[in-house]
Amino acid sequence: VQLQAFGGGLVQAGGSLGLSCAASGRTFSSYAMGWFRQAPGKEREFVVAITGSGGRTDYADSVKGRFTISRDNTKNTVYPQMNSLKPEDTAVYYCAAKRWPITVLPYDYDYWGQGTEVTVSS
């Protein structure tokens, strides 16, 4: 599975940004998709994940109520939507894929995209 993330950029605090992650392959629906982020000098941390069917999602406490995630298995793409952004959301965001089940641990994920940078200005 090859993953490619899109949509990063610069946004003001309180603004919104939509990311996407496109996957190769014909079995996209078999993969849970996760998003992680890594700020300078910090460890990579879990943000959000969605099951292969899209029926279940999981969010980090820091983004609950602000971020959402959906997927379109006909397009092999997952869409995190980030609202009410804060300066502390500034990081490089990575999409990742693994077989069932979804987890919050980066090392559980087998495939990673290249990352897309999100900067939130105050």
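Everything here concerns the structure above.
Thresholds applied
- Residues numbered from 1 in each chain as written.
- Predicted model: local features only at pLDDT ≥ 70, side-chain atom pairs only at ≥ 80, totals over all residues.
- Heavy atoms only, no water.
- Helix = DSSP H or I, 4+ residues; strand = E, 2+ residues; numbered from the N terminus.
- Rg over C-alpha atoms; globule rule 2.2 N^0.38 Å.
- Buried < 20%, exposed > 50% of the residue type's maximum accessible area, 1.4 Å probe, protein only.
- Contact = heavy atoms within 4.5 Å.
- Lys, Arg positive; Asp, Glu negative; His and termini not counted.
- Charge placed at Lys NZ, Arg CZ, Asp CG, Glu CD.
- Disulfide = S-S within 2.5 Å.
- Patch = residues over 30% accessible without salt bridge, like charges linked within 9 Å, V, L, I, M, F, W, Y side chains within 5 Å.
- Areas by Shrake-Rupley, 256 points an atom, 1.4 Å probe, with all protein chains shown as cover.
- Salt bridge = Lys/Arg side-chain N within 4 Å of Asp/Glu carboxyl O.

Asks: I'd like a description of the overall build of the chain, backed by residues and values.
Replies: For the chain, the count of helices and strands is zero helices and 12 strands. Against the 2.2 N^0.38 benchmark of 14 Å for 122 residues, the chain shows a C-alpha radius of gyration of 13 Å, consistent with a compact globule. Counting across all 122 residues of the chain, residues that qualify as buried make up 44%. Once local pairs closer than 6 in sequence are excluded, the contacts in the chain between residues at least 24 apart make up 57%. Of note, the chain has its 12 positive side-chain charges centred 6 Å away from the centre of its 10 negative side-chain charges.

Asks: Summarise the state of the cysteines; cite the residues concerned and give the values.
Replies: Covalent bonding between the sulfur atoms of two cysteines defines a disulfide. Under the criterion given, the structure shown has one disulfide. Each sulfur in the disulfide pair Cys21 and Cys95 lies 2.1 Å from the other. The disulfide joining Cys21 to Cys95 has a torsion of about 60 degrees about its S-S bond and is therefore right-handed. Of this pair, Cys21 sits in strand β4 (residues 20-23) while Cys95 is found in strand β10 (residues 91-99), placing the two residues 74 residues apart along the sequence. In terms of burial, Cys21 and Cys95 fall into one category: buried.

Asks: Go over a nonpolar patch on the surface with me, naming the residues and quoting the values.
Replies: Side chains of Val104, Leu105 and Tyr107 sit close together on the surface and give an oily, nonpolar patch of about 310 Å² of accessible area. The topology assignment puts Val104 in the loop between β10 and β11 (111-112). Judged by its relative accessible area of 38%, Val104 is partly exposed.

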